Amino acid sequence: MNQLYWEQCRRHAEAFVIDYLHVRDEKGEAHSFWDRFFEIFGLQRIRYANHEARVKREGNRQGFIDLLWKGKLLVEHKSAGKDRPEDFADALQQAHEYVAGLPAAERPRKLVVCNFKRFRIYDLERDDSVSNRPDTPFIEILLSELPTRLDAFNFFPAFADLARQEEEKANLEAVLRISNVYKTLHSAGYRGHDLELLLVRILFCVFSEDTGIFEPKQFSGYIEKHTLENGSDIGESLEQIFEVLNTAVRLRKHATDDPLRAFPYVNGGLFAEKLDRTPPSLTGIRNAILGCGDLFDWAQISPEIFGSLFQAALEETERRSLGAHYTSEKNILRLLEPLFLTELREEFRKARRDRKKLEAFRRKISQLRFLDPACGCGNFLVVTYRELRLLDLEVARLLQGDQQVLDISMLENVHLDHFYGLEIKPVSALIAQVALWLTKHQCNRLLNTAFDTHLRSVPISESPHIVTGNALQTDWGGLVTPPFDYIIGNPPFSGSKIMSAEQREEIKTLFGNVSGAGTLDYVTGWYKKTAQYLDQSPKTLVGFVSTNSISQGEQVGMLWGDLLERHGVKIRFAHQTFKWMNEAPGVAAVYCIIVGFGKSKPATCMLYEYPDIKGEPIENQVKNINPYLVEASDVVVRSRQKPLCDVPEIGIGNKPIDGGHYLFSTEERDDFLKKEPRAVPFFRRWIGSDEFINGWERWCLWLGETPMEELEKIPLVWERVEAVRQTRLASTSPPTRKLAEKPTRFHVENMPKGNYLVIPEVSSERRRYIPIGYESPETLASNLVKIIPNATLFHFGVLQSEMHMAWVRCVCGRLKSDYRYSKDIVYNNFPFPTSATKEQRSAVESAAQALLDVRKTYLSPIGREAVSLAKLYDPDKMPSDLLAAHQALDREVDSCYGIGTAQSAAPAFVTEAKRVAYLFGLYAGLVG
């Protein structure tokens, strides 16, 4: 775990100590104590460990473990007054009795005895820890010492990581098994809707036989015992099973001893539709189905993975593994917790001691309604339902008190028919419905275990409302009354350049065909549709996962300008860019954000920053979050054709549209000149972002207005001219075909007569500074860099400063997570210092020249190997003198803004967020 994570844990531990320093009542507070303890490490106890876990003690007596994390941790908790040595000895004795009564697979590695005031940690994997004697080795930590000795509990996040790894391993094994069924059926010619429906039913059946809906191995056992080994009757047998599952027991015509009669009635419509074709009857298909149940426990697969299992099976799993489809639970909770779960858990904690408040709280969660308008296979709805059921179970425990038999009024408090989804693919909609049924069943099993009840999950009595259709063309308000409490989900990621014509028209229509709507990504349609819903239902709160493109670059002005100004939307919480990925091999990463919004804004908003986009976030309480997901006022930076300030204009370099015929590597140029030495005067050095940053040479054959009759005398050059002409004539673009009339000229020509500044259009986000530099007019710049003719050292100094970089990081577009520098959004809107004195400008110029001088010693060294800008600006290897030169320049630039002094070593801003907020204030003042 990284240092930032542990610093955050320590802050949580300090708050924990303050809250529990004077708590003493075991029965009233032990549960909340350990719930909060898990939260110190960013873990939700309810996902890992159970309170009051049942266990058989010596003499077949019933025992209740205060807290059990199966296979990991057992906690024995006592009241604060029990602080004598013999009290701990008794607690240790009791804990060891519990350990002895557990199945081997559930026996913990760590044992903790706690009485609020002190913790004793026992390592059950040590040879000398097996004894229950009072002198058994332990680590003791006082509650007041917790923040400084938190490393003694490092097994909490370690166990959580291990649990996730075990879950991932099981998930991948499940993918392989169900994929084998798919491949076998597919290769036998069984495809389309019948195959999809059959696969869903088989998945349901193997889940059911391992989770108590069916008898253990009832489905696979029937296949094994009652079908022929050669598979010749497997198709017919499957159809018989499905018919039975769709028929009430009292209506079945099977004999009492017929094993088909023993299957339960499922209901819910899953088995109602007749397959158009009987599944093929082959040995391979029978064996593949049996392989799903053989020596594999589907109970260890969470229902939220159900849809991902299905989707992965339909793909080439060698190339695209489970992770390509799986929206991980961790990422889903990043949205759900700040949207409503954290608030509900806090409300529950405050109500723990008041029965009337608990009953009111339970009524509240029973009435909540949710919509996922792009639900796919239902992952968000599944996790939401499960978390509410688990929270409701905790409430029921308190309301029930010492009685272990659950009152009938406690049942079915969270209803599946309060969960709504919109999904364009019928089979995905069916999977979402099945996944929610299975989740309900798993939650019923927990309830049955906790209260010794026998709540059954079949026949299915209620279903979620999963509607098949286009969400952007559906009236969300017509789905339910009263309005939804929460709208959640992960809308499609299709970028504007890969959208279909139909999708682009949908977006244009939603945004009223305003100028620029055609450049918006498809996901923006869900934001607009939601904003329209909020106009009618202003209390509804929303959380969406999106690509980071909607919080960067030109889309911000188009989308958020509309949401803020027309619909009055307020951002309530946000996760800045992080890498949305799974650890499975072959998974393409997506760079995402999470945005929570509504018509109202809380007094404190939660902003989650990612120092490492692959790591865990740092929580920040802020007063406002703007559309760039930083703490600043609600302004948007719109596309601007001219600079906001009095500075030189910026443009792109040259755009040949030559099919590559005029461009050469150094080796290619040298080989060309050996054959055609008369072409020497026409070659010019050529740079784009890659060449400029990485320092490699490229060359361009620039012919300009050289007469054609002269070029015809140089055969190899003339071949290139003709190749360019033909390339342009073959284009489908009329302007490009027109350009064939002048094959020696470029589509865009920008060749300054003096030195000019070069800004790479794309640069790695790892760099603290984008490398910017001067080039001479002999060098031609490509359209992959931005160039600024007539830029002074002052302009260079400001653009190369931390002030400008903070602006870039906030408002620029991104290519994946790399910076994508733009003219109309970044440069033209940047608030240059407007009131710098002559002395301040001169100081910036001196610092800028000093920076260039340091850089030159590395780029053009005497007596040693030159290095590239890429190596110089590698954040892990940046030379100390170069970093010092940048810091000196930063101080001079900051002083031009009236911030800090050039002589001060202290940073002008405590955080970059403060710097960005300052810049947005300047920008707002400049645009009026």
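Structure first, text after, so check above.
Residues numbered from 1 in each chain as written. Predicted model: local features only at pLDDT ≥ 70, side-chain atom pairs only at ≥ 80, totals over all residues. Heavy atoms only, no water.

**As for the pairing of strand β12 (residues 570–580)**
- Within β12, ten of the eleven residues are buried, which leaves it mostly tucked inside the rest of the structure.
- By the bridge criterion, eight bridges tie β12 to strand β13 (residues 590–598) in an arrangement that is antiparallel. Pairing of K579 across the sheet is with Y591, part of β13.
- Here β12 pairs with strand β14 (residues 605–609) via three bridges, running parallel. Its bridge partner lying in β14, H575 is registered against Y608. (Buried < 20%, exposed > 50% of the residue type's maximum accessible area, 1.4 Å probe, protein only. Helix = DSSP H or I, 4+ residues; strand = E, 2+ residues; numbered from the N terminus. Pairing = 2+ DSSP bridges.)

**Notes on the nonpolar core**
- Counting residues in each nonpolar core, the largest one holds 112 residues, and the members touching the most others are Y527, W560 and F920.
- Those residues in contact with Y527 that lie beyond four places of it in its chain are F544, S546, I550, L559, W560, L563, V595 and F597.
- If you look at the next biggest cluster of nonpolar residues, it comprises 103 residues, including L198, V427, W580 and Y608. (Core = buried A, V, L, I, M, F, W, Y, C linked by side-chain atoms within 4.5 Å. Contact = heavy atoms within 4.5 Å.)

**Regarding the packing of aromatic side chains**
- Within the structure shown, the criterion is met by 63 aromatic pairs.
- Their ring planes at 90° and their centres at 5.2 Å tell us that F33 and F116 sit as a pair that is edge-to-face. One end of the pair, F33, is in helix α2 (residues 26–40); the other, F116, is in the loop between β4 (110–114) and β5 (118–123), and 83 residues separate them in sequence.
- With 4.8 Å between their ring centres and 55° between their planes, W702 and F746 make a pair best called tilted. Here W702, found in the loop between β19 (698–701) and α20 (708–711), pairs with F746, found in the loop between α22 (734–739) and β20 (756–760); they are 44 residues apart in sequence, far enough to count as distant. Here the two residues W702 and F746 agree in accessibility, since each one is buried. (Phe/Tyr/Trp six-rings, centres within 6.5 Å; stacked < 30°, edge-to-face > 60°.)

**Overview of the pattern of salt bridges**
- In the structure shown here, the tally under the stated rule is 52 salt bridges.
- Residues E166 and K72 are paired through a salt bridge, measuring 3.4 Å at the closest nitrogen-oxygen approach. In this pair, E166 sits in helix α5 (residues 155–187) while K72 sits in the loop between β2 (61–69) and β3 (73–77), placing the two residues 94 residues apart along the sequence.
- Judged by relative accessible area, E166 falls into the partly exposed class, the value being 39%. (Salt bridge = Lys/Arg side-chain N within 4 Å of Asp/Glu carboxyl O.)

**Quick notes on the state of the cysteines**
- Summed over the entire model, instances satisfying the criterion amount to zero disulfides.
- No disulfide involves C812; its sulfur sits 9.0 Å from that of C810, the nearest cysteine.
- Judged by its relative accessible area of 0%, C812 is buried. (Disulfide = S-S within 2.5 Å.)

**Side note on the packing of helix α6 (residues 192–211) against helix α7 (residues 218–226)**
- Between α6 and α7, whose axes approach to 7 Å, the crossing angle comes to 110°. One way to sum up the angle between α6 and α7 is to call them roughly perpendicular. The segment α6 lies against α7, with C205, V206 and E209 engaging Q218, F219, S220 and G221.
- When its residues are assigned to classes, the contact of α6 with α7 shows three nonpolar, three polar and one charged. (Axes fitted to C-alpha atoms, helices over the stretch in contact; angles between N-to-C directions. Parallel < 35°, antiparallel > 145°, perpendicular 65-115°, else oblique. Nonpolar A, V, L, I, M, F, W, Y, C, P; charged D, E, K, R; others polar.)

**Let's talk about the sheet that holds strand β26 (residues 818–820)**
- Strand order across the open sheet formed by three strands is β21-β26-β25, with antiparallel pairing between neighbours. Either end of the sheet is taken by a strand with one partner, and the two such strands are β21 (762–763) and β25 (813–815).
- Where β21 lies against β26, two bridges are found, and the strand directions are antiparallel. Looking at β26, one finds that V762 is bridged to R820.

**As for the packing of α6 against helix α14 (residues 426–451)**
- Where α6 contacts α14, the two axes come as close as 11 Å, and the packing angle between them is 5°. Considering their axes alone, α6 and α14 lie roughly parallel with respect to each other. Judged by residue contacts, E196, L197, V200, F204, F207, D210 and T211 of α6 engage V427, L430, I431, V434, L438, H441, Q442 and R445 from α14.
- Broken down by class, the residue content of the contact of α6 with α14 amounts to nine nonpolar, three polar and three charged.

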